[in-house]
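Fold and contact review
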Amino acid sequence: MNTFFLFELVTPATSIKAIIPELIIAIAGIVVMLYDSYFPKKRGVTGAIALVGIALSAVFLLAMWVNDSPASSWNGMIAKDSLRLNFSLVFLLVSAMTVLISSVWAERETIPVGEYHALLLFATFGMMMMSAGNDLVIIFLGLETLSIATYVMAGLRKGDLRSNESAMKYFILGSFASAFLLYGMALTYGATGSTNLTTIAETFTKPDAHVNFPALLLVGGAMMIIGFGFKIAMAPFHVWTPDVYEGAPTPVTGFMAAGPKAAAFASFLRVFVLGFPLVAGIQVSGYLHQSWVAVIAILAIFTMSIGNVAAIMQTNVKRMLAYSSIAHAGYALVGFVGAGMAKTDQARDVAIASVAFYLLSYAVTNLGAFAIITLLSQKNDRRMEFDDYNGIGFKSPALSFTLSLFMLSLLGLPLTAGFLGKVLVFRPALEAGNSLLTILVVAAVVNTAISAYYYLRLIVVMFFRERTSTWVQPKVPFALTAALIIAVIGVLYLGIAGDGIIDRFSHQPATSVERVER
Amino acid sequence: MDYIFENLLTVLILLPVAGAALTLAYHMVTKQEEQIKWVTLGFTLLNFLVSLVLFSKSAVVGASGFSFEQNVPWIRSINTNYHIGVDGLSFWLVILTTFIMPIAVLSSWNAVEKRKTAFYVFLLLLESAMIGVFVSLDLLVFYLFFEASLVPMFFLIGIWGGDNRIYAAVKFFVFTMFGSLLMLAAIIALYYIYADQTGLGGTFDLTVILTALKNGSLSFSKISQAGTLLFWAFAIAFMIKVPVFPLHTWLPDAHTEAPTAGSVILAAVLLKMGTYGLMRFNFTLFPDQSREFAMVFIILAIIGIIYGALVAMVQPDVKRLVAYSSVAHMGFVILGMFSFTELGMQGALYQMLNHGVTTGALFLLVGFIYERRHTRAITEFGGIANVMPIYATIFIITTMASIGLPFLNGFVGEFLIMVGMFQSQVLAVTATVNWNYVSAMLAGTGVIFAAVYMLWMAQRVFFGKVTNAKNKRLVDLSWREIGLMLPLLALMVYMGVFPKPFLKRSDEVIKSIQARIMQQAGGTIEKTELKPQSPAEGEK
């Protein structure tokens with residue numbers, strides 16, 4: 001019996017099958033690293049390996065996405081639900097497009113391309129773990145894997161002072177935020193006695209189960225809001241974003257705005273919406289739920305307002321997009337709060353799916369924009385000011401109109417991905433019928449109108465002004481063309497026929513956590 | 001043919017898009033821009049001809065009063081459908097759109113010199129969006145077209161506009177977008193109120209929502225302030241578009257800076273989206289609120305009429321003068337609509353068409369002289385009638401139509417609106433003052449002002465001696481220019497003499513909207529009293 005007991009202890013409920021997509025990415029990362037150290041001269045190959053790894057991972061993920069019903073494995077540490085699968089698909093798309101976009105940059109500047117691809121894959125692995133983790137520890141590990149990889153990626157342009165500044169700032173502030181997050185997790189563990197989110201959520205459902213120190217839970221929740229808030233660039237924890245985004249190499253900026261932000265959203269959703277639900281009759285859940293919904297709703301208003309107002313004043317395109325990404329985090333938070341306030345589990349799942357859809361549409365659009373900006377910026381990101389785009393509209397019409405399409409999608413004009421994303425995230429917030437949430441939606445609407453000014457500005461600059469200096473037609477390499485085609489098709493497909501994706505995103509329950517009576 | 005007939009409205013929407021795609025492809029293959037105007041003209045004319053099928057007597061009118069209806073699911077998860085159809089309210093506006101487009105294309109024949117392909121592509125895309133606005137019966141689809149119409153116009157003003165084009169284009173876009181986003185929030189809220197009260201799941205379908213409103217399963221009075229907030233969210237979007245007085249500031253800039261074709265379309269069609277939206281959505285969805293706040297609109301309309309006229313009077317620039325006259329004319333339309341009398345509302349609808357034809361024509365005429373002189377300042381001209389007699393004749397006729405001379409179209413519209421306002425019961429009637437009369441009379445002064453500024457401008461531009469040497473050798477209108485003015489002139493006369501066929505189309509719709517708004521006054525009270533013993537409840 002004793003041996004049997006031991007056997008039980010050392011053999012957790014392993015299920016390799018449940019984490020195959022993540023494993024493939026990790027292995028691909030290792031392969032890239034090894035290959036790079038043996039054949040450092042062959043620069044094109046590592047990107048191809050990365051793409052193959054991503055594609056393979058996507059195949060397995062899609063199989064899970066299409067067939068499987070929600071479950072959890074690894075003693076409840078890894079969830080297999082649509083929250084994870086939807087977000088993981090977004091991450092894979094983001095990193096595939098990043099590989100394609102960065103080809104142009106890797107060619108232009110002598111950066112260690114093998115290292116870069118390995119780091120990108122590890123970051124992707126981290127993101128996928130963040131969305132898969134149903135346990136605070138897994139989420140933290142995923143976050144750290146992601147963060148450390150991105151710190152290095154931000155500083156890849158070693159000779160450039162701005163890139164160094166970017167990496168340094170990101171690293172110091174990021175570590176600080178991670179510490180907050182970890183401390184919050186520890187306090188939550190202290191209050192509930194578990195790091196497993198399902199167990200934590202259950203703590204509230206059983207009338208007899210008690211929370212050790214309710215105040216600990218509130219403080220823990222607040223600290224986690226700070227930690228996640230940093231990662232998604234929620235005001236007032238957004239101050240790092242513009243400097244880091246501006247200094248990092250452009251493809252890395254595009255990646256950071258799309259990928260890690262979405263990953264933090266996935267964990268954020270899982271911890272707060274699924275982990276801290278409102279349960280009727282349990283006082284502490286009421287306090288906790290009320291506090292976090294109110295805090296995030298108010299911070300969401302700040303986030304979008306600060307992002308938009310600051311974006312108006314920028315003269316640098318990359319910096320403008322950095323602030324715009326802050327604003328977009330604010331819009332996504334509208335759906336987040338809507339999910340938190342949902343009256344039924346089904347409504348909550350739809351709201352979570354709409355946040356995923358929003359981040360997908362933002363990722364596609366934003367990466368498309370960054371692809372063009374990378375191409376036009378030339379070596380060491382020299383051409384980054386609005387003035388550099390003066391009158392290029394009819395000199396390079398294809399590129400300019402594509403960039404305009406992305407700007408209009410970021411603005412949320414109908415028939416583009418951004419529009420449907422906005423409608424979907426505003427919807428759950430209005431459905432809740434709560435006055436704070438209605439104010440939130442109105443704030444988001446007003447902010448969208450403000451954002452018209454700076455998105456249009458790029459179009460204005462490109463088309464309505466005349467170019468005075470010379471314009472050298474940029475050569476568009478194949479990989480970048482592929483990324484652009486994906487982005488354009490994505491923007492239009494999600495905007496016009498996004499029905500199928502939305503359906504798929506929300507057709508399964510977002511979580512394996514048992515249904516809770518409200 | 002049957003296929004086209006069944007999908008007529010979709011064909012009308014997609015034909016210009018097809019034209020745009022073809023134009024682009026043609027440009028890419030041949031790398032030349034000269035023939036593109038012909039292609040565009042062909043497509044717009046074709047679209048006009050196709051739109052004439054709308055007159056067909058074999059059109060089936062559906063249960064909700066719309067013909068040529070189509071209803072195809074678009075995004076199932078939020079239950080939005082591509083639901084389109086046309087009724088008396090939208091009928092003439094669709095025709096007006098398809099009618100004005102070939103004229104706009106012809107007016108840009110020589111005026112557009114740079115980036116021709118892009119210009120005509122945007123014109124065609126604009127046409128699609130405009131038709132879409134008038135035929136959508138799904139709120140989200142309506143919003144989609146409403147916003148989509150912004151982008152081509154933004155480019156038209158921004159690329160081919162005057163010196164101050166960037167300011168004007170951005171102002172135009174941001175103003176309209178602000179309003180329409182409020183409307184979007186209201187549309188989504190409407191979706192949930194519907195879902196909440198009927199228990200059927202949300203919908204964006206206007207006809208479905210209206211049915212629920214009529215049979216009482218949906219009522220905004222159940223939620224405090226909901227009706228008022230939604231009403232204003234819709235209203236502000238449309239008031240910006242019309243534009244109603246304090247929100248009009250984008251209009252003079254946009255009109256002045258836009259290229260001629262852009263101004264013509266802006267005046268003829270884009271502004272009508274606002275008044276159409278108020279009638280189609282505010283009046284039908286929120287009849288109580290429409291009545292309740294009618295006074296606000298009437299006051300703003302009168303201010304708009306008088307203010308627009310006074311500001312027009314002092315404009316040194318002909319185009320800006322016409323733009324301000326637009327503000328005044330649209331004030332009349334708003335006044336007629338909010339009189340809530342059959343005559344007033346008919347007059348408003350008629351005046352919408354009149355304004356499209358007349359002001360469109362005025363912008364064309366201003367464009368002609370601008371092409372020749374590259375200035376629009378009134379002081380630069382004088383005695384033009386001596387050198388360009390045909391031009392002067394056409395201009396004077398259009399001016400007369402604009403100021404409402406009998407036997408020309410403007411007269412019919414303004415007359416109906418005034419009579420409607422006199423009959424109106426919207427405003428308070430006290431022992432000493434009938435405020436309806438007062439507002440009608442105040443609006444009447446606008447007609448006099450209109451005569452003053454238009455005629456004064458005509459006098460300064462056309463009569464007297466040719467004082468400016470540059471004007472001595474001006475060439476009179478070409479055959480193309482005369483040709484594109486003739487249909488407009490014919491319409492001005494025809495609509496002034498035979499308004500009947502136009503009014504007949506919209507008669508039924510207007511009656512039902514008007515009845516709904518005015519009956520509801522007694523209706524709500526009656527309903528709350530009767531509700532406990534209503535037979536339907538008893539049977540259950």
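Residues numbered from 1 in each chain as written. Chains lettered and ligands numbered in written order. Predicted model: local features only at pLDDT ≥ 70, side-chain atom pairs only at ≥ 80, totals over all residues. Heavy atoms only, no water.

This paragraph deals with the overall build of chain A. For chain A, the helix and strand inventory stands at 19 helices and two strands. Its C-alpha atoms give chain A a radius of gyration of 22 Å, within 12% of the compact-globule value 24 Å for 518 residues. Principal-axis analysis of the C-alpha atoms gives chain A an extent of 75 × 55 × 40 Å. A total of 518 residues make up chain A; the buried ones form 63% of that total. Taking contacts inside chain A between residues at least 6 apart in sequence as the whole, the part at least 24 apart equals 82%. Within the structure as shown, chain A displays about 18100 Å² of accessible surface, and the carbon and sulfur contribution to it stands at 69%. One way to put it: in chain A the 32 positive side-chain charges average out to a point 8 Å from where the 28 negative ones average out. (Helix = DSSP H or I, 4+ residues; strand = E, 2+ residues; numbered from the N terminus. Rg over C-alpha atoms; globule rule 2.2 N^0.38 Å. Buried < 20%, exposed > 50% of the residue type's maximum accessible area, 1.4 Å probe, protein only. Contact = heavy atoms within 4.5 Å. Areas by Shrake-Rupley, 256 points an atom, 1.4 Å probe, with all protein chains shown as cover. Lys, Arg positive; Asp, Glu negative; His and termini not counted. Charge placed at Lys NZ, Arg CZ, Asp CG, Glu CD.)

As a further point, take the interface of chain A and chain B. Every contact between the two is made by 35 residues of chain A and, on the other side, 34 residues of chain B. Across the contact surface, chain A and chain B share three salt bridges. A salt bridge links A:Asp499 to B:Arg76; the shortest N-O distance between them is 3.3 Å. Linking chain A with chain B are three residue pairs in polar contact (both at pLDDT 80 or more). Among the elements that take part in the side of chain A that touches chain B, helix 17 (residues 435–464) of chain A stands out by supplying twelve residues, more than any other. In terms of residue class, the side of chain A that touches chain B is made up of 27 nonpolar, two polar and six charged. (Salt bridge = Lys/Arg side-chain N within 4 Å of Asp/Glu carboxyl O. Polar contact = N/O pair within 3.5 Å; in protein donor to acceptor, adjacent residues only side chain to side chain. Nonpolar A, V, L, I, M, F, W, Y, C, P; charged D, E, K, R; others polar.)

Our next topic: helix 7 (residues 161–192) of chain A. All names here are of chain A. Along its 32 residues, helix 7 runs 46 Å from first to last C-alpha, staying within 8% of the 46 Å computed at 1.5 Å per residue. You can read the cap of helix 7 off the contacts: a side-chain oxygen lies 3.2 Å from the backbone nitrogen of Arg-162, and it is on Asp-160. At the C-terminal side of helix 7, Gly-193 shows a positive phi close to 80°. (Expected span 1.5 Å × (residues − 1).)

This next bit is on the pairing of strand 2 (residues 80–86) of chain B. All names here are of chain B. With respect to burial, strand 2 is a largely interior element, six of its seven residues being buried. Sheet topology places strand 1 (residues 67–75) next to strand 2; six bridges connect them, and they run antiparallel. Across the sheet, Ser-67 pairs through a bridge with Val-86, a residue of strand 2. Turn length for the strand 1-strand 2 hairpin, with the two strands adjacent in sequence and antiparallel, is four residues, and the turn residue Asn-79 shows positive phi of about 50°. (Pairing = 2+ DSSP bridges.)

Turning to the confidence of the model for chain B, a few remarks are in order. Should the pLDDT be low somewhere, the predicted coordinates at that spot are not to be read in detail. Overall, the prediction assigns chain B a mean pLDDT of 85, with 96% of residues at 70 or greater. The low-confidence segment residues 522–540 of chain B, where pLDDT is below 50, has four contacts with residues more than four positions distant or belonging to other chains. (pLDDT = per-residue confidence, 0-100.)

With that settled, the discussion passes to the nonpolar core. One finds A:Phe87 and B:Phe234 to be the most contacted residues of the largest nonpolar core, which totals 396 residues. Setting aside anything within four residues of it in sequence, one finds A:Phe87 in contact with A:Ser82, A:Ser131, A:Ala262, A:Phe265, A:Ala266, A:Leu269, A:Val355, A:Ala356 and A:Leu359. Ranked by size, the runner-up nonpolar core spans seven residues in total, among them A:Ala18, A:Trp74, A:Met129 and A:Ile138. (Core = buried A, V, L, I, M, F, W, Y, C linked by side-chain atoms within 4.5 Å.)

All names here are of chain A. It is the contact of helix 2 (residues 20–38) with helix 5 (residues 113–132), at a shortest axis distance of 8 Å, that shows an interaxial angle of 165°. By the angle between their directions, the pair helix 2 and helix 5 is classed as roughly antiparallel. The handedness of the crossing between helix 2 and helix 5 is left-handed. Seen from helix 2, the contacting residues are Pro-21, Glu-22, Ile-25, Ala-26, Ala-28, Gly-29, Ile-30, Val-32, Met-33 and Asp-36; seen from helix 5, they are Gly-114, Glu-115, His-117, Ala-118, Leu-121, Phe-122, Thr-124, Phe-125, Met-128, Met-129 and Ala-132. (Axes fitted to C-alpha atoms, helices over the stretch in contact; angles between N-to-C directions. Parallel < 35°, antiparallel > 145°, perpendicular 65-115°, else oblique. Left-handed = near helix turned anticlockwise from the far one by under 90°.)

A separate point is the environment of B:Val121. Residue and element names in this part refer to chain B. Note on placement: Val-121 falls in helix 5 (residues 116–135). With 85 residues separating them in the primary sequence, Val-121 and Ile-36 have C-alpha atoms 9.3 Å apart. Val-121 has contacts with Ala-20, Thr-23 and Leu-24, leaving out every residue within four places of it along the chain.

Right, let's get into the packing of aromatic side chains. Residues and elements named next belong to chain B. Per the stated rule, a full pass over the model turns up 69 aromatic pairs over all chains. Ring centres of Phe-231 and Phe-293 lie 5.6 Å apart, and the angle between their planes is 20°; on these two criteria the pair is classed as stacked. With a gap of 62 residues between them, Phe-231 in helix 10 (residues 226–241) and Phe-293 in the loop between helix 13 (287–292) and helix 14 (294–313) connect regions that are remote in the sequence. For Phe-231, a relative accessible area of 0% corresponds to the buried category. Judged by its relative accessible area of 16%, Phe-293 falls in the buried class. One residue, Arg-505, lies across the ring of Phe-91, its end atom 4.1 Å from the ring centre. (Phe/Tyr/Trp six-rings, centres within 6.5 Å; stacked < 30°, edge-to-face > 60°. Lys NZ or Arg CZ within 6 Å of the ring centre and 35° of its normal.)

Attention now goes to the layout of surface pockets. There is about 1900 Å³ of room inside the largest pocket. Along the walls of the largest pocket sit 48 residues, with A:Leu405, A:Leu492, B:Leu24, B:Val121 and B:Leu125 positioned nearest its centre. If you list the elements that add at least two residues to the lining of the largest pocket, you get helix 15 (397–411) and helix 18 (478–497) of chain A together with helix 2 (8–30), helix 5, helix 6 (139–148) and helix 7 (150–160) of chain B. Considering every element that reaches the lining of the largest pocket, the biggest residue donor is helix 2 of chain B, with nine residues. Tallied by class, residues from the lining of the largest pocket come to 37 nonpolar, eight polar and three charged. Lining the second largest pocket are 47 residues, with A:Arg427, A:Leu430, A:Glu431, A:Ala432 and B:Tyr192 positioned closest to its centre. With nine residues, the top contributor of residues to the lining of the second largest pocket is helix 8 (residues 165–198) of chain B. (1 Å grid on protein atoms, 1.4 Å probe; cavity = no way out; pocket = protein on both sides within 12 Å on 5 of 7 lines; lining within 4 Å. Points joined across faces, edges and corners; volume = space filled by probe spheres on them.)

Here we come to the pattern of salt bridges. All names here are of chain A. What the rule picks out here adds up to 23 salt bridges over all chains. Across the pair Arg-84 and Glu-22 runs a salt bridge, and its minimum N-O distance is 2.9 Å. On the criterion of sequence distance, the pair formed by Arg-84 in helix 4 (residues 82–108) and Glu-22 in helix 2 is long-range, its members being 62 residues apart. Take Arg-84 and Glu-22: they sit in the same class, and that class is buried. Here the salt bridges share partners, and the residues they tie into one network are Glu-165, Lys-169, Asp-243, Glu-246 and Arg-319.

We now examine the environment of B:Tyr391. All names here are of chain B. Along the chain, the position of Tyr-391 falls in helix 18 (residues 389–403). Taking the C-alpha atoms as reference, Tyr-391 lies 9.7 Å from Val-475; in sequence the two are 84 residues apart. Dropping the residues within four chain positions of it, Tyr-391 is found in contact with Leu-365, Val-366, Phe-368, Ile-369, Ile-384, Phe-462, Asp-476 and Leu-477.

The next subject is the side chain of B:Thr203. All names here are of chain B. Residue position: Thr-203 is located in the loop between helix 8 and helix 9 (206–214). Side-chain polar atoms of Thr-203 contact the backbone nitrogen of Asp-205, separated by 3.0 Å. Setting aside anything within four residues of it in sequence, one finds Thr-203 in contact with Asn-79, Tyr-191, Tyr-194, Val-208 and Ile-209.

So, about helix 10 of chain B. The α-helix winds at 3.6 residues per turn, so residues separated by three or four positions along the chain end up facing the same way. In this model helix 10 of chain B runs 23 Å from its N-terminal to its C-terminal C-alpha over 16 residues, within 8% of the 22 Å that 1.5 Å per residue would give. Taking burial as the measure, the 16 residues of helix 10 of chain B include 13 buried ones, the bulk of the element.

Once that is clear, we can look at the packing of helix 15 of chain A against helix 17 of chain A. All names here are of chain A. Their axes nearest at 9 Å, the elements helix 15 and helix 17 cross at an angle of 175°. Looking at the two axes, helix 15 sits roughly antiparallel to helix 17. In this structure, helix 15 contributes Ser-400, Phe-401, Leu-403, Ser-404, Met-407, Leu-408, Leu-410 and Leu-411 to the contact, and helix 17 contributes Thr-448, Ser-451, Ala-452, Tyr-455, Leu-456, Leu-458, Ile-459, Met-462 and Phe-463. Looking at side-chain class alone, the contact of helix 15 with helix 17 contains 13 nonpolar, four polar and no charged residues.

Cis rather than trans, the peptide bond between A:Ala235 and A:Pro236 has omega equal to 0°. Of note, the bond from B:Val242 into B:Pro243 is cis; its omega dihedral lies within 30 degrees of zero at -5°. The residue B:Pro243 is located in the loop between helix 10 and helix 11 (250–257) in this model. For A:Ala233, which is not a glycine, the phi torsion comes out positive at approximately 60°. Residue classification places A:Ala233 among the buried positions, given a relative accessible area of 0%.

Moving on: the environment of B:Thr176. All names here are of chain B. As for its position among the elements, Thr-176 is in helix 8. Setting aside its immediate chain neighbours within four residues, Thr-176 contacts Leu-150, Ile-240 and Lys-241. A distance of 2.6 Å separates a polar atom in the side chain of Thr-176 from the backbone oxygen of Phe-172.

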